[in-house]
Amino acid sequence: MSIAILKYNAGNIRSVSHALERLGAEGIITDDEKLLRSADKVIFPGVGEAETTMQYLRSHGLDTILKSLTQPVLGICLGQQLMCRHSEEGDADCLGIFDVPVVRFQPEAWQDKVPHMGWNTITDCKGPLFKEFSKPEFVYFVHSFYVPVCEFTAATTEYIVPFSASLHKDNFYATQFHPEKSGSVGERILKNFLEL
Amino acid sequence: MLAKRIIPCLDIRDGRTVKGTNFVNLRDAGDPVELGRLYSQQGADELVFLDITATHEGRKTFTELVERIAAEISIPFTVGGGIHEIHDVERLLRAGADKVSVNSAAIRNPQLIDDIAKNFGSQVCVTAIDGKLTPAGWRCFLNGGRIETELDMFEWAKEASDRGAGEILFTSMDHDGVKQGFANDALARMYDLVPIPVIASGGAGTKEHFLDAFTSGKADAALAASVFHFGEIGIPDLKSYLDSKGIPVRL
């Protein structure tokens, strides 16, 4: 099986390839159209700023490629956000795979710190990424923007408000949390993705 | 619900853990990767690796170690020690660290915090503060607590947060190593002052001390070293205790 990890101007892309290696799989970090289209799976990781990253994707033609992929695609963190229609971060027009907005957390009390950082639970888990998830599990988050609960929500987390911890539509999957940093629970999710 | 974090801290010299441990089930207790993996399996929420090497060669060894940790451990980790400028941060992040902790260098050059936040994001920048209650109030100390400064600890915490620090790691020097509990009054004051997470450090001796840090100290996370390294407190046991007391923890 070939797994392509999208190469772009994001931090810590290697942590995804390390996580794949721990599962006995190998990811190729690439921005080559041919390799991206022919891969069995594509992972779109992300740590960074929305508008800057969208500009980079557009200038390299990666936005068009991403939208037209037909194999299973997994967006992680900023990857999930950029797969949506628009982000409040930098007022960015995004890929529009999921026709929903990305908005910033608005603290309601002193303890509502932004970014939402640390281990939180995912509930109402649906779809193949969460196969055999029967109880709330902890996963690791670091983010200031979120996708509200919507028709594509595949897992929900509560922080200030309930939000989409995961999205799913057709061949497109996404997680707001970092499965590659979420210990054994994250490994189960990545393994489920690889088995799609 | 967002969990309170338990963070073991490992001191590293020349790529090896400094303080001994009495884990009999480890092949090599001096190997930070082995120990880190064990803590991760036991339920540690994050790990901190502190490089106390002074030499250039030691730094190189530490960077190689960070690469091994990143490859083998599946939870977030912070590295600190020997970070003087933005290039050190870049080197360690490139090696795979999730966060860096800056201490004396940030006091000497506060712009470092702005630069880290701007280049890599606030979530990367942990500002570590070694504080001590002096007759003049809480003061910041430099170089592992060897040099006293005139800097008010709370003012500095606020400034660090304003400049873009993502978390404050507050070590009370009076409490560190004494195992009589964390500096809960100062911790609570810190929590009320800065809008970013506060990590309590220094003073852990019993499970109750962690509970106190999370309740009266209001801490978002608690860090300890020797109680974990010497097996005095097991992480699974500590977490089920905290859970039984109503503290949200990842089980």
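The coordinates are above.
Residues numbered from 1 in each chain as written. Chains lettered and ligands numbered in written order. Predicted model: local features only at pLDDT ≥ 70, side-chain atom pairs only at ≥ 80, totals over all residues.

Another point: helix α3 (residues 86-95) of chain B. All names here are of chain B. Listed in full, the buried residues belonging to α3 are Val-89, Leu-92 and Leu-93. In an axial view of α3, the angular spread of the buried residues amounts to 100°, which keeps them on one side of the axis. Buried residues along α3 sit in contact with α2 (56-72), β4 (77-80), β5 (99-102) and α5 (111-120). Directly beyond the C-terminal end of α3, a positive phi value near 120° is found at Gly-96. (Buried ≥ 20, exposed ≤ 12 C-beta atoms within 10 Å, placed from the backbone. Helix = DSSP H or I, 4+ residues; strand = E, 2+ residues; numbered from the N terminus. Arc of directions from axis to C-beta. Contact = placed C-beta atoms within 7 Å.)

Counting residues at the interface gives 20 residues for chain B and 23 residues for chain A. A breakdown of the residues in the side of chain B that touches chain A according to their chemical character gives 12 nonpolar, four polar and four charged. (Nonpolar A, V, L, I, M, F, W, Y, C, P; charged D, E, K, R; others polar.)

A separate point is helix α1 (residues 14-22) of chain A. A large share of α1 of chain A lies buried, amounting to seven of its nine residues. Check the buried side of α1 of chain A and you find it contacts β1 (3-6), β2 (27-30), β3 (41-44), β4 (73-76) and α6 (183-194) of chain A together with α2 of chain B. Gly-24 of chain A sits one or two residues past α1 of chain A and shows a positive phi near 80°.

What follows is about the packing of α2 of chain B against α3 of chain B. All names here are of chain B. Where α2 contacts α3, the axes come no closer than 8 Å and their chain directions differ by 35°. Of the residues in α3, those touching α2 at Thr-63, Val-66, Glu-67 and Ala-70 are Arg-91, Leu-92 and Ala-95. Tallied by class, residues from the contact of α2 with α3 come to four nonpolar, one polar and two charged. (Axes fitted to C-alpha atoms, helices over the stretch in contact; angles between N-to-C directions.)

The subject of this paragraph is unusual backbone geometry. Residues and elements named next belong to chain A. With an omega of 10°, the peptide bond between Val-114 and Pro-115 qualifies as cis. For Pro-115, the location among the structural elements is in the loop between β7 (98-104) and β8 (116-122). The phi dihedral of Asp-91 is positive, around 50°, even though this residue is not glycine. Structurally, Asp-91 is set in the loop between β5 (84-87) and β6 (92-93). With 9 C-beta atoms packed within 10 Å, Asp-91 lands in the exposed category.

Shape descriptors only; they carry no functional weight alone.
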